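Working through the structure, step by step
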Amino acid sequence: MRRRNFCRAALTGAALTPTFGSQALASVYAGLLKVDRDLEAITRNGGEQILAQNHVQSLADSLRGNLLLPGNAAYESARHVLNASIDKHPALIVQPTGPADIGSAIDFARDNSLVVAVKCGGHSYSGRSTCNGGLMIDLSTFRDVRIDLPNQSAFVTGGSLLGQLDHESMAVGMVTTAGTVSHTGVGGLTTAGGFGRVGRRFGLALDNVKSVDVVSADGHLRHASAQENPDLYWAVRGGGGNFGVVTNFEFQLHPMARQVIGGSLVYPIEKLRDLLDIYAQYSPRSPDELYTDLVAVYPHGGKPGVAILDICWSGDAAAYDKAMQPYQALGDPLVKGVKAVDYVALQRSGDSTDARSWASYLKGGFIEGFKPGLIDSMVDAMEPHPDRSTIVIFQHSGGAINQVAADATAFPHRYASHNLIAMVAWRQGTPTEGHVRYIKSLWSQLQPFTHGYYTVEVDDDHDLGAMNRNYQANYPRLAGIKKQYDPQNMFRLNSNVTPA
């Protein structure tokens, strides 16, 4: 579902006054500061409970931001995430304006044994940024980017979207790794890893984090860096949302020309195997300035399949042709959509085509090069269907990402050459089971070639043991830090770490 974007001013308490002259707006928020009933909720252990009216009122009174309750139009919008197949109903939603509101929300959740869901951009395809019967912290009212030019840093509040970071940093000729879709939330992407079009050159988003501020499960705000609370700093970079809500990121910025060469080369699906053969040999050893995702698509509606090479060259423009020379053996593509382009525009180019705005299901895992049999398994398993889109993606890793030690951050998958993703998408309201069954079958052919997976792609098919094992040798340290900062596992809607 397309997310509605609310003006920041309309989400403050001032929007409840008649100053703005909008009866329609007032009707949306009417009664939110005056809680008129008890609320039904679910405990972290799955039991039913009642949140007393006066306790909820106390929470509302403590907030500078908004408290949204079921039955209200603003609540109905805020509870949704990008994947339209997710339909969950939190007991209440807090839209904070700063760390103090986040602390109040966490205190309330802890005192009432509520699960906490944290939504930034709402991109969690499995819906882990919302919940049933718990407390959602919707960070859409907490967005800001400030550039510190002398120190080549960007200070980014926890609810910000990647497009804001790109927009502000590139305005001063600088960049940091920030995904490939501009409406992705900075928090979920960065704490899990953070791939992107310049990641091979500058490392993962988390590799560029210089410090963070975190509100942990005790409601306290902590600063973490290499010098202060270094254990928390280490864990947040790859351990996801297990340790609290990050309210501020300090990113390292890098000088880069605003104009890059980017876009897509589109080939008929009949050339998929030939493209994969070249890609398998060349992409792991291509220059760090070259980012190439390979995407195979059978579109919805029975349209012809295509094989796409999605490109970003951030190096010297004169060297681009040489960098792409291996792909010339494929001949002319159906569509040659690669040109000199503004980097910020390229980062926005996939926004409207992001398949996760449909109902969707996804599986993923890391590969370390292309092992024999992978290409055949993929090509043979893909098939068209008129009622769904089937997509397989090889997301480019390597380069600077692989130059960091596996235990330098909590993200252990430094061996990966690519992130392999298999996705199916269908129009909301049509039958689901057959599409999910198909992609699971396809993934069963590909999974033997993978080792570990990207934690933002966790789904309910992964049990807790599998999640813990995915952190590999970093898990024991993570479990100890989890016990220190979240011993009751309040923050569990993630690739969860079991407290030691």
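Anything mentioned here points back to the structure above.
First, a word on scope: everything that follows refers to the structure included in this document. Just so it is clear, the model here is predicted, and its values are computed rather than measured.

Mapped onto the fold, Lys 119 is located in strand S5 (residues 116-119). Summary of buried charges: Lys 119 has no salt-bridge partner, and the nearest side chain of opposite charge, Asp 138, is 4.2 Å away. A polar side-chain atom of Lys 119 sits 3.0 Å from the main-chain carbonyl oxygen of His 80.

Here we come to the pattern of salt bridges. Inspection of the entire model under this criterion finds 15 salt bridges. With a shortest N-O distance of 2.7 Å, Arg 79 and Glu 76 are connected by a salt bridge. Owing to a relative accessible area of 5%, Arg 79 belongs among the buried residues under this scheme. Overall, Glu 76 belongs to the partly exposed group, its relative accessible area being 37%.

Let us look at the environment of Val 35. Secondary-structure assignment places Val 35 in the loop between helix H1 (23-29) and strand S1 (39-42). For the pair Val 35 and His 435, spaced 400 residues apart in the sequence, the C-alpha separation amounts to 43 Å. Residues in contact with Val 35, not counting those within four places in the same chain, are Gln 53, Val 56, Gln 57, Ala 60, Leu 67 and Leu 69.

Once that is clear, we can look at the sheet that holds strand S15 (residues 290-298). Read across the sheet, seven strands follow the order S17-S14-S16-S15-S19-S20-S18 without closing on themselves; strand pairing throughout is antiparallel. In the strand order of this sheet, the two ends are held by strand S17 (335-342) and strand S18 (359-367), each with one partner. Here the strands of the sheet are splayed against their neighbours by 15 degrees on average, with no regard to which way each runs. As defined by bridge partners, S18 adjoins strand S20 (residues 418-426) across nine bridges and the pair is classed as antiparallel. The partner of Ile 367 across the bridge, within S20, is His 418. Taken strand by strand, helix H12 (residues 374-381) contacts S15, S18, strand S19 (389-396) and S20, and its axis lies near 155 degrees from that of S19. Contacting S18, S19 and S20, helix H13 (residues 433-446) runs over the sheet at an angle of about 160 degrees to S20.

Now for the sheet that holds strand S12 (residues 245-252). Across a sheet, strands are paired by hydrogen bonds formed along the backbone, either parallel or antiparallel in direction. The strand order S7-S8-S12-S10-S11 describes an open sheet built from five strands, whose pairing is antiparallel. Of all the strands in the sheet, just strand S7 (145-148) and strand S11 (221-225) have a single pairing partner and so form its edges. Each strand axis lies, on average, 15 degrees off the axis of its neighbour in the sheet, ignoring direction. Sheet analysis places S7 next to strand S8 (residues 153-157), joined by four bridges and oriented antiparallel. Looking across to S8, one finds that Ile 147 is bridged to Ala 154. In the packing of helix H5 (residues 162-170) onto the sheet, contacts are made with S7, S8 and S12, and the angle to S7 comes to roughly 30 degrees.

Moving on, we come to the pairing of S1. Residues Leu 39 and Ala 41 of S1 are buried on one face, while the alternating residues Glu 40 and Ile 42, pointing to the opposite face, are not. Bridge analysis of S1 against strand S2 (residues 48-51) gives four bridges, and the strand direction is antiparallel. When the bridges of S2 are listed, Ala 41 appears paired with Gln 49. Hairpin geometry of S1 and S2 is characterised by an intervening segment of five residues between the two adjacent antiparallel strands and by a positive phi of about 95 degrees at Gly 46.

Calculation notes
Residues numbered from 1 in each chain as written. Predicted model: local features only at pLDDT ≥ 70, side-chain atom pairs only at ≥ 80, totals over all residues. Heavy atoms only, no water. Helix = DSSP H or I, 4+ residues; strand = E, 2+ residues; numbered from the N terminus. Buried < 20%, exposed > 50% of the residue type's maximum accessible area, 1.4 Å probe, protein only. Lys, Arg positive; Asp, Glu negative; His and termini not counted. Salt bridge = Lys/Arg side-chain N within 4 Å of Asp/Glu carboxyl O. Polar contact = N/O pair within 3.5 Å; in protein donor to acceptor, adjacent residues only side chain to side chain. Contact = heavy atoms within 4.5 Å. Pairing = 2+ DSSP bridges. Axes fitted to C-alpha atoms, helices over the stretch in contact; angles between N-to-C directions.

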